[in-house]
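# Residue-level structural notes
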Amino acid sequence: MQEEQNRKTSSLSILGIAGVEPYRQESHEEEYMNEAQLLHFKRILEAWRNQLRGEVGRTVSYMQDEAANFPDLVDRAAQEEEFSLELRNRERERKLIKKIEKTLKKVKNHDFGFCDSCGVEIGIRRLEARPTANLCIDCKTIAEIREKQMTG
């Protein structure tokens, strides 16, 4: 049983980063986004944010350590391309950190877990898969259809 639970947690990378198990409801009558659930998501979000911040620090160290003035133009171009890719990844992570911090404020204010568009519960499993989700499945689907229509 414990081995099966470990596989479930390791397959859910965000939960794995936080070192938490998937949330288990105490009963069917349990209130949605109660203190225990909010604490569960706060732990997940803080661990995720800390992991991303650590990545940023490692990138800076890596780029300082690996920076070299290669005499060969191909080697220099390859290094610049590698650094460019790293910086793009860190920029995406920086934006994600901001989104995580915004979500942590929602947790603190007890506004977390409800769709920004229609107000319905987003759902524990969806939030465990994507803790920064701010739309329910239905509203997200509609938004994606609209986006495809606008760009397609």
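Here the structure is a predicted model, which means the values were calculated and not measured.

Moving on, we get to the nonpolar core. If you look at the biggest cluster of nonpolar residues, it comprises 28 residues, and the most contacted ones within it are Met 33, Phe 41, Ile 44, Trp 48, Ile 100, Phe 112 and Leu 127. Sorting the residues of this core by element identifies helix H2 (13-18), helix H3 (35-66), helix H4 (73-108) and helix H5 (124-129) as the ones contributing at least two each. Among the elements that line this core, the one with the most residues is H3, at seven residues. With residues up to four places along the chain from it excluded, the contact list for Met 33 reads Leu 38, Phe 41, Phe 112, Gly 113, Phe 114, Ile 124 and Leu 127.

Looking now at the pattern of salt bridges. The tally for this structure, following the rule as stated, stands at eight salt bridges. Its salt-bridge partner being Asp 116, residue Lys 106 comes within 2.8 Å of it at the nearest N-O pair. Placement of Lys 106 in helix H4 and of Asp 116 in the loop between H4 and H5 is noted, with a sequence separation of 10 residues between them. Here the salt bridges share partners, and the residues they tie into one network are Glu 86, Arg 90 and Glu 93.

This brings us to the UniProt feature "zinc finger region: dksA C4-type" (unreviewed entry) in the protein chain. Under the local residue numbering, the UniProt record ascribes the feature "zinc finger region: dksA C4-type" (unreviewed entry) to residues 115-139. Between the C-alpha atoms that bound residues 115-139 there is a distance of 8 Å. The span itself is 36% helix and 0% strand.

Now for the packing of H3 against H4. Closest axis-to-axis distance for the H3/H4 pair is 9 Å, and the angle between their directions is 155°. Between H3 and H4, the crossing angle belongs to the class labelled roughly antiparallel. Considering how the two elements wind past one another, H3 and H4 form a crossing that is left-handed. A breakdown of the residues in the contact of H3 with H4 according to their chemical character gives 14 nonpolar, three polar and 11 charged.

Parameters and conventions
Residues numbered from 1 in each chain as written. Predicted model: local features only at pLDDT ≥ 70, side-chain atom pairs only at ≥ 80, totals over all residues. Heavy atoms only, no water. Core = buried A, V, L, I, M, F, W, Y, C linked by side-chain atoms within 4.5 Å. Buried < 20%, exposed > 50% of the residue type's maximum accessible area, 1.4 Å probe, protein only. Helix = DSSP H or I, 4+ residues; strand = E, 2+ residues; numbered from the N terminus. Contact = heavy atoms within 4.5 Å. Salt bridge = Lys/Arg side-chain N within 4 Å of Asp/Glu carboxyl O. UniProt positions renumbered as here; feature names shortened; annotations may be inferred. Axes fitted to C-alpha atoms, helices over the stretch in contact; angles between N-to-C directions. Parallel < 35°, antiparallel > 145°, perpendicular 65-115°, else oblique. Left-handed = near helix turned anticlockwise from the far one by under 90°. Nonpolar A, V, L, I, M, F, W, Y, C, P; charged D, E, K, R; others polar.

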